[in-house]
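Topology and contacts: notes
Given next are the chains, with one letter for each unit.
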Amino acid sequence: AAGQNLSSKDSLLVGLSYLKTNKLTEAINFFKSISVQNPTKQDAEFYLAMTYLKNKNYSEALTLMEQIRSNSNHVYRNQFSEDYINKVKKLNSK
């Protein structure tokens, strides 16, 4: 599995590298591999949502964006405004 022998921080960095080089499936796998209890989990969730958007997986992106937006303690909460989420909803309905 992706990131199996890597630290969560390293998995995040590998995932970001895949995202930057447009290897979206690989990026998704690395972001998903980061465990819930980990300090880098919020970073992974944000970049996973962005990767889903880039990959036109709007439904998955919306689910994650809304979870992030509704969590008042999420460090990336303000990255997804209601307006931004509504624009993705319009893309998803096409």
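A brief look at the structure comes next. (Residues numbered from 1 in each chain as written. Predicted model: local features only at pLDDT ≥ 70, side-chain atom pairs only at ≥ 80, totals over all residues. Heavy atoms only, no water.)

Below, the discussion takes up unusual backbone geometry. The backbone of Asn-22 sits at a positive phi, close to 65°, despite the residue not being glycine. Residue position: Asn-22 is located in the loop between helix H1 (8–20) and helix H2 (24–32). (Helix = DSSP H or I, 4+ residues; strand = E, 2+ residues; numbered from the N terminus.)

In the contact formed by H1 and H2, the axes pass within 8 Å of each other and the chain directions differ by 160°. In this view, H1 runs roughly antiparallel relative to H2, as classed from their interaxial angle. The chirality of how H1 crosses H2 is left-handed. Touching Ser-11, Leu-12, Val-14, Gly-15, Leu-16, Tyr-18 and Leu-19 of H1 are Leu-24, Glu-26, Ala-27, Phe-30 and Phe-31, all from H2. Broken down by class, the residue content of the contact of H1 with H2 amounts to nine nonpolar, two polar and one charged. (Axes fitted to C-alpha atoms, helices over the stretch in contact; angles between N-to-C directions. Parallel < 35°, antiparallel > 145°, perpendicular 65-115°, else oblique. Left-handed = near helix turned anticlockwise from the far one by under 90°. Contact = heavy atoms within 4.5 Å. Nonpolar A, V, L, I, M, F, W, Y, C, P; charged D, E, K, R; others polar.)

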